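# Reading the structure
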Amino acid sequence: MSRSEELFKRAVERIPGGVNSPVRAFGSVGATPRFIEKADGAYMTDADGKSYLDFISSWGPMILGQNHPAIRESVIKACENGLSFGAATEKEVEMAELICEIVPSVEMVRMVNSGTEAVMSAVRAARGYTGRDKIVKFMGCYHGHSDALLVQAGSGVMTAGIPDSAGVPAGCTADTLSAVYNDLASVETLFETFPEEIAAVIVEPLAANMGVVVPKEGFLQGLRALCTKYGAVLIFDEVITGFRLGIDGAQGYYGVQADLTTFGKIIGAGMPVGAYGGKREIMERVAPVGPVYQAGTLSGNPVAMAAGLTQLRILKENPQVYTDLNEKGTWFFGEMRRIVEEAGKPWQVNAEASLGSLFFTGTPVVDYASAKTSDTAAFSDYFKYMLEKGVYLGPSQFEAMFLSAAHTREELSGVLELLADYLKK
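The numbering scheme is per chain: residues are counted from 1 as the chain's sequence reads. In view of the model being predicted, local features appear only for residues whose pLDDT reaches at least 70, and side-chain atom pairs are presented and counted only at 80 or more, with totals across whole chains, interfaces and linings using the full set of residues. The side-chain numbers reported here are obtained from all heavy atoms of the structure, hydrogens and water having been left aside.

### What to know about unusual backbone geometry
Phi is mostly negative for residues that are not glycine, and the peptide bonds are mostly trans. The criterion, for reference: A run of H or I in DSSP counts as a helix once it spans at least four residues, and a run of E counts as a strand once it spans at least two, with each numbered from the N terminus.
Put simply, A287 and P288 share a cis peptide bond, and its omega is 15 degrees. Among the structural elements, P288 can be located in the loop between α9 (280-283) and α10 (302-317). Residue S58 is not a glycine yet carries a positive backbone phi of 55 degrees. Topologically, S58 is positioned in the loop between β3 (51-54) and α2 (69-79). The backbone of N67 shows a phi angle near 55 degrees, a positive value even though the residue is not glycine. Positionally, N67 belongs in the loop between β3 and α2.

So, in structure tokens, the structure goes:
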């Protein structure tokens, strides 16, 4: 029995499913989770000493690679002053100033402790600002596990085959309206039906929790126009895309500004942290200056702020990182698509910049319904093949592959060779 298997056997006795998040579970691919001991650059090493080329990047934030020396040093230095104060620090101010400087739509920002908390808080702020109750979300887009948004939520929920979630009272989702991603007409119909009741539309500008689904031309621009027309708040969930597609995230990449934006672990360089921010007139509704209550005892943790500031400053001062990374992604996922097509497979390769997915379906994937046509058993076989060969993918058909600045073209070429060999089986 391997060390990972031993640890998993112990874990299932004390942790539901043996994992602290469903996205780490290997049940849907018929395997045992690998327990990771360390990571560096483009690689993770498990408890048995086996190294894997890392394509999850801690689910996105490790854009510079694992264990970046400058970030590590900033964390060590911050720890020397203490781990947590529960009081205001200078680094919180610096982080807020930096985010507002590099994301044009953000005039004020509040630190929180996770992406889920950021989204929950942004939705509450939108409702408090508009005085309305209803929220529009898109089927297959995941916005954390708060009650009101666990409706056709994508990602781990899709893998587990759970359409919603037990334990969520019907009343919590009564004001959540579901629309079809990439289908503006479905959103317009909701606005026409509830013209003065919709507080906000929340969307992943680049969907990455039903696999990667790229917004169609005009889709995001259309959402912006509809929200403006009907007086609703447009919320971009940039927990994944923020500071990844570019320094100003999906908003800069696609040229569309949101009213509120949520951010995740990338602003902590992978440490547990999140934030939400946007127009001053909305954010000034948040306590203690406004009536929208939201609090977090450990929000703005000094160690997480130190890590995030270091990473964001590196990215801000070195725009070539994005140029190189996005070019690398375009090449890599383009080569994946070529190899699949030349092998005569009908599978889909969806990608944008440094994020991509291989869907095991002959149907073009443009929304939740088409993503669900994927053959998850075929993905499972592929996943186990790649894992055995030392390539660590997300253990679900519906997760994205994340490239980092640490991946070399030589390493990525090796992955492409593995894909070609797999297709010859």
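Picking up after the structure, the text goes on.
### With respect to empty space enclosed by the protein
For clarity, the threshold we go by: Using a 1 Å grid laid over the protein atoms alone, points where a 1.4 Å probe fits but cannot get out form a cavity; open sets with protein on both sides within 12 Å along at least 5 of 7 lines form a pocket; any residue with an atom within 4 Å of a point counts as lining. Grid points are joined across faces, edges and corners, and a volume is the space filled by probe spheres set on the points. Here the term charged refers only to Asp, Glu, Lys and Arg, the term nonpolar to Ala, Val, Leu, Ile, Met, Phe, Trp, Tyr, Cys and Pro, and the term polar to all other amino acids, Gly among them.
Scanning the model with the defined rule gives one cavity of 30 Å³ or more in all. In this structure, the largest cavity encloses a volume near 110 Å³. If you go around the largest cavity, the residues you meet are G356, S357, L358, F379, Y382, L393, G394, S396, Q397, E399, A400 and M401. Mapped by element, the contributors of at least two residues to the lining of the largest cavity are β12 (355-359) and α13 (376-388). The biggest single contributor to the lining of the largest cavity is β12, with three residues. Tallied by class, the residues present in the lining of the largest cavity amount to six nonpolar, five polar and one charged.

### A look at helix α3 (residues 90-102)
We apply this condition: Take the residue count of a helix, subtract one, and multiply by 1.5 Å to get its expected span. Relative accessibility under 20% of the residue-type maximum defines a buried residue, over 50% an exposed one, and the middle range a partly exposed one, all with a 1.4 Å probe and only protein chains included. By arc we mean the arc of the directions from the helix axis to the C-beta atoms, nothing more. Every residue pair with non-hydrogen atoms within 4.5 Å of one another is taken to be in contact.
Compared with the 18 Å implied by 1.5 Å per residue over 13 residues, the 19 Å span of α3 between its first and last C-alpha is a close match. What α3 keeps buried is the set M95, L98, I99 and I102. Looking straight down α3, one finds that the buried residues subtend no more than 95 degrees of arc, so they occupy a single side. Away from its buried face, by an angle of more than 90 degrees, α3 presents the exposed residues E90, E97 and E101. The secondary structure elements touched by the buried residues of α3 are β4 (108-112), β9 (260-263) and α10.

### Describing the sheet that holds strand β10 (residues 274-278)
Each strand in a sheet pairs with its neighbour through backbone hydrogen bonds, running either in the same direction (parallel) or in the opposite one (antiparallel). Inclusion rule: For two strands to count as paired, DSSP must find a minimum of two bridges between them. What counts as an axis is a line fitted to C-alpha atoms, over the stretch in contact for a helix, and the angles between N-to-C directions run from 0 to 180 degrees.
Across the sheet, which stays open at both edges, the seven strands sit in the order β4-β10-β9-β8-β7-β5-β6 with mixed pairing between neighbours. Where the open sheet ends on each side, the last strands, each with one partner, are β4 and β6 (176-179). Each strand of the sheet is rotated relative to its neighbour by a mean of 20 degrees, with strand direction disregarded. Each of β4 and β9 touches α3; the most contacted strand, β4, lies at about 130 degrees to it.

### Overview of the confidence of the model for the protein chain
Just so we agree on the cut-off: The pLDDT score gives, residue by residue, the confidence of the prediction method on a 0 to 100 scale.
Averaged over all residues, the pLDDT of the protein chain equals 94, while 96% of them reach at least 70. Counting interchain partners and residues more than four positions distant, the pLDDT-below-50 stretch residues 154-163 has 25 contacts.

### Notes on the packing of aromatic side chains
How we decide: Planes of paired rings set the category: under 30 degrees apart is stacked, over 60 is edge-to-face and the rest tilted, where pairs are Phe, Tyr or Trp rings (Trp by its six-membered ring) whose centres lie within 6.5 Å. Charge-over-ring placement is defined geometrically: NZ (Lys) or CZ (Arg) within 6 Å of the ring centre, and within 35 degrees of the ring normal.
Summed over the entire model, instances satisfying the criterion amount to 18 aromatic pairs. A network of ring pairs unites the aromatic residues F26, Y52, W347, F360, F379, Y382, F383, Y385, Y392 and Y422 as a single cluster. A cation over a ring is seen here: K134 above F194, with NZ or CZ 4.9 Å from the ring centre.

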